[in-house]
Amino acid sequence: MLSTLIWLPIIGAVIVGFAPESWGETRLRQLAAIAASATLVWTLWLLSQFNLQANTFQFEQYLAWAEPIGLSYSLGVDGLSLPLLVLSSLLTIIALYSIGEKVSRPRLYYALILLANAAIAGALMAENLLLFVLFYEVELIPFYLLIGIWGGEKRGYASIKFLLYTAVSGLLILAAFLGMVWLSGSPSFDLAQLNTTGISQRSQLILLTVLLVGFAIKIPLVPLHTWLPDAYVEASPAITILLGGILAKLGTYGLIRYGLQLFPETWGLIAPGLAILGTASVLYGAFSAIAQKDIKRMVAYSSIGHMGYILVAAAAGTELSVLGALAQMLSHGLILALLFHLVGIIERKAGTRDLDVLNGLMNPIRGLPLTSALLILAGMASAGIPGLVGFVAEYLVFQGSFPVFPLATILCIIASGLTAVYFVILLNRTCFGKLDNRLAYYPQVRTTEMLPALVLTAIVVFLGLQPNWLIRWSEPTTNGLVATIPVNAPSEICDFTGLAGE
Amino acid sequence: MLIKLQPIIALSPVATAATIGIGAVTALGAAAIAMAQVDVKRSLSYSVSAYMGLVFIAVGTGQQQVALTLLFPYAIAMATLLMSVGAVISNNITQDLRQYGGLWSRRPISGLSYLVGAASLVAFPPLGCFWALVQLADNLWQSSPWLVEVVVAVNAMTALSTAREFCLIFGGEAKPMTARSPEVLWAMVLPMTVGAGLALHVPLLLWQWGLIPNFSQLNLGMALALISSTCLGWAVGAYVYLGDRVAKPVRFGPQFLQDLLAYDFYTAKLYRLTIVFVVGIVSQLIYWFDRFIVDGAINLVGLATVFGGQTLKYNVSGQTQFYVLSMMLGTALFLLVLCWPLVSQVFLG
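Caption draft 1: Representation of the overall build of chain A in the model. What chain A contains, in helices and strands, is 19 helices and 2 strands. Computed over the C-alpha atoms, the radius of gyration of chain A is 22 Å, within 12% of the 23 Å expected from 2.2 N^0.38 for a compact globule of 502 residues. Considering only C-alpha atoms, chain A reaches an extent of 70 × 70 × 40 Å along its principal axes. Taken across its 502 residues, chain A has 60% of its residues classed as buried. Residue pairs in contact within chain A that sit at least 24 positions apart in sequence constitute 81% of those at least 6 positions apart. Carbon and sulfur atoms provide 66% of the accessible area of chain A, an area that totals close to 18400 Å². Taking the average location of the 24 positive side-chain charges in chain A and that of its 26 negative ones, the two points are 14 Å from each other.

Here's what the structure looks like:
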């Protein structure tokens, strides 16, 4: 059942990749979209069939693959991975349609996007540590090529940097996994058979640190983040949506799945350090974003900041905060995709991303009014304005983390104020002001270009108004995760019983 | 929100004192700033802040009901004022009070609406805010008399600033900007007149809801003090700003005080010099650090690798002597390292 999510995109990629040369770009894109939509429909069906009460893996599949080395093809989803799978399939379709102009070598391009989707789905569903590493490494190849072939001016530099960093990340994770299995004496790499309680605390600490560094590159955390601005800025908007929307989530997902879940006792030891790292990332990202002159780079740095919240929440390890971490992954994926799509449209139409050149795009006749309006909405969502999905996630994160790390949480709240600062700078410079008459001959934004943004906006608003849908699939799983952590913090939002008489 | 939070604020003496302090400073400061603005909308918005300060005082002293009673007539009066001023601005473009004058004959509806709004904003019986202000001052008289002075002063200053705006806009001679100024479209006149009508009916509504105190319970002295402060404010405003008895721009007190009020206590500048400056500097520093230290170190490693490879390339010279020399050197170095304990004993003792 779950294999469909891996093999459907791969079959699609093969068909698109080996399609006859006579097929036009539109036809190839439609073909890729059919494969991606079928995957999305399948994940939505899984969503409807998912047992909301259970906190274990569901729809499991097991095939012995290479038993001597402990590798098996075992898949399963729980409340942690299923929402991310939905996000991944959704953003793949969005990315397919956010290209906007003719792509050179379309067969390779669409095939690679589908392959990337398949590999990410595989990594999210893997229940075997080696299988996870396999998919985690496989996904690098399509992304490396997608950045390196269809990127901007410095694409070679950016793609090599991305490849080197993430390959090191994969190696570290593999090393940690090998250590975990060898030290625990587990017969295979299957998640279900692995028990780390036999490992001495010192070894656990070392393993967890190696794992943390590996995933920290992917998330990325300061100071291992320097591949991110280059990769995000040089990649085309569609690829950036996939990079920021889904790929970065593998890092935080892995940290919760293989860090928090496998080392519940040791997690408490490194949690304060993690919270400091996360807060440093949050502040660093926000301050760096303020200083940027390039709007795409600004959004890229904002992403570093927002991924930091996830780490703080995961470190706090309360029921609310871990749920908030997952909510923040989803909300950040949606909002970042929307932002990058809109910035991509602006770049295409206005021909520049320079804050000092752009001006007055809100102009209803000659500017890009709808794009700017949605950009304002996306900025508000990212800054955590209530009624949009960003608020829900940030609120859960802050509320959940405050009892454990008050100072870190307060610094994060201040940084979320700084988010408002750089978005006001961005919106003020690009959307408002007077349109420069010499430059304002922008091509029309077509409906097909706007459609992905409208879909994302609708979801951002809907989940902001109906936050329950963001978390209902995950709550039993995250609560189950937190229950394994020895020390538990209060999970209630606030005790209002004392004020009931008022 | 603040009024709903009153029970929580009342629990802490610090919070209560802070609420009252913030309220008093805001009320007095904003009322004073409102008198010194040349932009008519800025002036009105500072009057809004002054009244919010009064609400803070009411909440801080535990008078939620009075706070709510004050907010209702205040809101309608302020809406009428802003609508009337908005109607004027819409046809005359400028918001600068110095460019206005002589609109009374041209814009009677706007002028009348302005007067109604101005009268119901301050303590002027029987219009709306009078009742709330009297109750506020009466309650304060028992607990903290100095706050009564604040209320009376704010009332007088607000009366003065509304009178000033009225005289500058509607009184005096027409100026170039106001020479041609017909009433605006009905779509703006209608809400303006409805607002004025509502403001006139506010006392009836308050009476209906039982919010107007019995005449026997009314503190007549307090009422008289408030009414006379209103009249004083209007009289001074009219005297100074109607006609040319006082040279414009009006000078009072030392220049620095006037500038302080005209530039809103330099709040914007203060922000620019503190928070905005710090955030700007920090973000530039971090950006620099990110670009040259973090990213620089990574690029340095990359460059060093490439440079090392390029340099080693030149070792392959193809000359036998060169290879022999490098082998000899290598062997010597190797032997030196191996025999270091011996060598150090022999040569260094």
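Caption draft 2: Local environment of the overall build of chain B. Across its full length, chain B carries 13 helices and 0 strands. Along the chain direction, N to C, the helices and strands of chain B fall in the order α-α-α-α-α-α-α-α-α-α-α-α-α. What you see for chain B is a C-alpha radius of gyration of 36 Å, clearly larger than the 20 Å of a compact globule of 349 residues, by over 25%. Principal-axis analysis of the C-alpha atoms gives chain B an extent of 115 × 55 × 40 Å. Burial status across chain B gives 40% buried among its 349 residues. If you take every contact in chain B between residues at least 6 apart in sequence, the share linking residues at least 24 apart comes to 78%. Total accessible area on chain B is roughly 19300 Å²; 73% of this is exposed by carbon and sulfur atoms.

Caption draft 3: The arrangement of the packing of helix α3 (residues 81-97) of chain A against helix α17 (residues 447-465) of chain A in detail. All names here are of chain A. Following both chains from N to C, one finds α3 and α17 inclined at 155 degrees, their axes separated by 8 Å at the closest point. Our classification of the angle between α3 and α17 gives roughly antiparallel. Packed against α3, whose contacting residues are Leu 90, Leu 91, Ile 94 and Tyr 97, the element α17 presents Thr 448, Pro 452, Val 455, Leu 456 and Ile 459 at the interface. For the contact of α3 with α17, the class distribution of residues is 8 nonpolar, 1 polar and no charged.

Caption draft 4: Seen up close, the pairing of strand β2 (residues 71-77) of chain A. Residue and element names in this part refer to chain A. With respect to burial, β2 is a largely interior element, 7 of its 7 residues being buried. With burial as the criterion, each face of β2 is covered, one bearing Leu 71, Tyr 73, Leu 75 and Val 77 and the other bearing Ser 72, Ser 74 and Gly 76. Note: strand β1 (residues 58-66) against β2, 6 bridges, orientation antiparallel. Looking at β2, one finds that Leu 63 is bridged to Tyr 73. The turn joining β1 and β2, which pair antiparallel and follow one another in sequence, is formed by 4 residues; a positive phi near 80 degrees is taken by Gly 70.

Caption draft 5: Just the interface of chain B and chain A, in detail. Taken residue by residue, the interface counts 14 residues in chain B and 17 residues in chain A. Considering only the surface of chain B that becomes buried against chain A, Ile 286, Tyr 287 and Asp 290 of chain B emerge as the three largest contributors, covering 34% of it. Between Asp 295 of chain B and Lys 161 of chain A there is a salt bridge; the shortest N-O distance is 2.4 Å. Counting every contact that joins chain B to chain A gives 6 residue pairs in polar contact (both at pLDDT 80 or more). If you list the elements that add at least two residues to the side of chain B that touches chain A, you get α1 (6-11) and α11 (267-313) of chain B. With 12 residues, α11 of chain B is the largest single contributor of residues to the side of chain B that touches chain A. In terms of residue class, the side of chain B that touches chain A is built from 9 nonpolar, 3 polar and 2 charged.

Caption draft 6: Just the nonpolar core, in detail. Formed by 191 residues in total, the largest nonpolar core has its most connected members in Tyr 109, Phe 132, Tyr 232 and Leu 243 of chain A. Per-element tally for this core: the top contributor is helix α13 (residues 319-350) of chain A, with 19 residues.

Caption draft 7: Highlighting the packing of aromatic side chains. For the structure on display, the rule yields 31 aromatic pairs over all chains. Seen in terms of ring centroids, Tyr 284 of chain A and Phe 289 of chain B are 6.4 Å apart; in terms of plane orientation they differ by 75 degrees. Their pairing is edge-to-face. Here Phe 289 of chain B lies in helix α11 and Tyr 284 of chain A lies in helix α11 (residues 264-290), a pairing that spans two chains. A relative accessible area of 7% places Tyr 284 of chain A in the buried class. Measuring from ring centre to ring centre gives 5.6 Å for Tyr 51 of chain B and Tyr 74 of chain B, while their planes differ by 15 degrees; the resulting arrangement is stacked. Of this pair, Tyr 51 of chain B sits in helix α3 (residues 40-60) while Tyr 74 of chain B sits in helix α4 (residues 64-92), and the two are 23 residues apart along the sequence. Overall, Tyr 51 of chain B belongs to the buried group, its relative accessible area being 2%.

Caption draft 8: Seen up close, the environment of Ala 231 of chain A. Residue and element names in this part refer to chain A. For Ala 231, the location among the structural elements is in helix α9 (residues 227-234). Ala 231 sits in the buried class, given a relative accessible area of 0%. Linking Ala 231 and Lys 154, residues 77 residues apart in sequence, is a C-alpha distance of 9.3 Å.

Caption draft 9: Summary view of the side chain of Ser 159 of chain A. Residue and element names in this part refer to chain A. By the secondary structure assignment, Ser 159 is in helix α7 (residues 155-184). On the basis of relative accessible area, Ser 159 is assigned to the buried category, the value being 2%. From its side chain, Ser 159 meets the backbone oxygen of Gly 156 in a polar contact 3.0 Å long. Look past the residues within four positions of Ser 159 in its chain and what remains in contact with it is Tyr 144, Ile 147 and Gly 148.

Caption draft 10: Seen up close, the domain arrangement of chain B. Structurally, chain B comprises domain 1 (6-262) and domain 2 (273-348). When each unit is reduced to the centre of its C-alpha atoms, the spacing between domain 1 of chain B and domain 2 of chain B is 74 Å.

Caption draft 11: The arrangement of the pattern of salt bridges in detail. One pass over the structure, following the stated rule, counts 15 salt bridges over all chains. Ionic pairing is found between Asp 230 of chain A and Arg 297 of chain A, a salt bridge with its closest N-O pair at 3.3 Å. Taken together, the residues span a long stretch of sequence, with Asp 230 of chain A in helix α9 and Arg 297 of chain A in helix α12 (residues 295-316) at a distance of 67 residues. Judged by relative accessible area, which is 5%, Asp 230 of chain A ranks as buried. For Arg 42 of chain B, the salt bridge identified is with Asp 264 of chain B, shortest N-O distance 2.2 Å. Residue Arg 42 of chain B is located in helix α3, and its partner Asp 264 of chain B is located in the loop between α10 (255-262) and α11; the two are separated by 222 residues in the primary sequence. Owing to a relative accessible area of 9%, Asp 264 of chain B belongs among the buried residues under this scheme.

Caption draft 12: Looking closely at the confidence of the model for chain A. Averaged over every residue, the pLDDT of chain A is 90; the share at 70 or more is 97%. Below a pLDDT of 50 lies the segment residues 488-502 of chain A, which in the model reaches 14 contacts outside its immediate sequence neighbourhood of four places, other chains included.

Caption draft 13: Inspection of α11 of chain B at higher detail. With 47 residues, α11 of chain B should reach 69 Å at 1.5 Å per residue; the first-to-last C-alpha distance of 65 Å fits that figure. Of all bends in α11 of chain B, the biggest is about 45 degrees, found at Gly 296 of chain B. Within α11 of chain B the residues assigned to the buried category are Val 279, Ser 283, Ile 286, Asp 290, Val 294 and Asp 295 of chain B. Buried-residue contacts for α11 of chain B involve α7, α9, α11, α12 and α16 (406-430) of chain A.

Caption draft 14: Structural detail: the packing of α12 of chain A against helix α15 (residues 389-401) of chain A. Residue and element names in this part refer to chain A. Orientation of α12 relative to α15, taken along the N-to-C sense of each, is 35 degrees, at an axis distance of 9 Å. Between α12 and α15 lies a crossing of left-handed hand. Along the contact surface, α12 presents His 306, Tyr 309, Val 312, Ala 313 and Ala 316, while α15 presents Glu 394, Val 397, Phe 398, Gly 400 and Ser 401. For the contact of α12 with α15, the residue count by class is 6 nonpolar, 3 polar and 1 charged.

Analysis parameters
Sequence order sets the numbering: in each chain, residues are counted from 1 along the sequence as written. To read the labels, note that chains go from A and ligands from 1, taken in the order they are written. With pLDDT at 70 or above as the cut-off, local features in this predicted model cover only qualifying residues; side-chain atom pairs require 80 or more to be listed or tallied, and sums for whole chains, interfaces and linings still use all residues. Excluded from the side-chain calculation are hydrogens and water; included are all heavy atoms of the structure. Counting from the N terminus, the helices are the DSSP runs of H or I reaching at least four residues and the strands are the DSSP runs of E reaching at least two. Radius of gyration: C-alpha atoms only; globule rule: 2.2 Å multiplied by the number of residues to the exponent 0.38. Any residue under 20% of the maximum accessible area for its type is buried, any over 50% is exposed, and the rest in between are partly exposed; the area is computed with a 1.4 Å probe on protein chains only. In what follows, residue pairs with any heavy atoms lying within 4.5 Å of each other are defined as contacts. Exposure was quantified through the Shrake-Rupley algorithm and a 1.4 Å probe, taking into account, for residues, occlusion by the shown protein chains and nothing else. As used throughout, the charge tally considers Lys and Arg to be positive and Asp and Glu to be negative, leaving His and the chain termini uncounted. Taken as the charge centre is NZ of Lys, CZ of Arg, CG of Asp or CD of Glu, depending on the residue. Between the N-to-C directions of two axes lies an angle of 0 to 180 degrees, each axis being a line fitted to C-alpha atoms and, for a helix, fitted only over the stretch in contact. These descriptions rest on fixed angle ranges, namely under 35 degrees for roughly parallel, over 145 for roughly antiparallel, 65 to 115 for roughly perpendicular, and the rest for oblique. Each residue is assigned to one class: nonpolar for Ala, Val, Leu, Ile, Met, Phe, Trp, Tyr, Cys and Pro, charged for Asp, Glu, Lys and Arg, and polar for all the others, Gly among them. When DSSP finds at least two bridges between two strands, those strands are taken to pair. Simply put, the buried area is the total loss of 1.4 Å probe accessible area from both parts when two parts are fitted together. A pairing counts as a salt bridge when a side-chain nitrogen of Lys or Arg comes within 4 Å of a carboxyl oxygen of Asp or Glu. For this analysis, a polar contact is any N or O atom pair within 3.5 Å, provided that within protein one partner can donate a hydrogen and the other can accept it, and provided that sequence-adjacent residues contribute only side-chain to side-chain pairs. For this analysis, a nonpolar core means a set of buried residues of the types Ala, Val, Leu, Ile, Met, Phe, Trp, Tyr and Cys, connected via side-chain atoms within 4.5 Å. Two aromatic rings, drawn from Phe, Tyr or Trp (for Trp, its six-membered ring), form a pair once their centres lie within 6.5 Å of each other, and the interplanar angle then sorts them: stacked below 30 degrees, edge-to-face above 60, tilted otherwise. Where a domain begins and ends is set by an automatic assignment or by a domain database. Note on scores: pLDDT gives the predictor's confidence for each residue, bounded by 0 and 100. Under the convention used throughout, the expected extent of a helix is 1.5 Å for every residue step, that is, one less than its residue count. Two axes are fitted around each residue, one to the seven residues ending there and one to the seven starting there, and the angle between them is reported as the bend at that residue. In this scheme, a crossing is called left-handed if the near helix is turned counterclockwise away from the far one by less than a right angle; it is called right-handed if the turn is clockwise.

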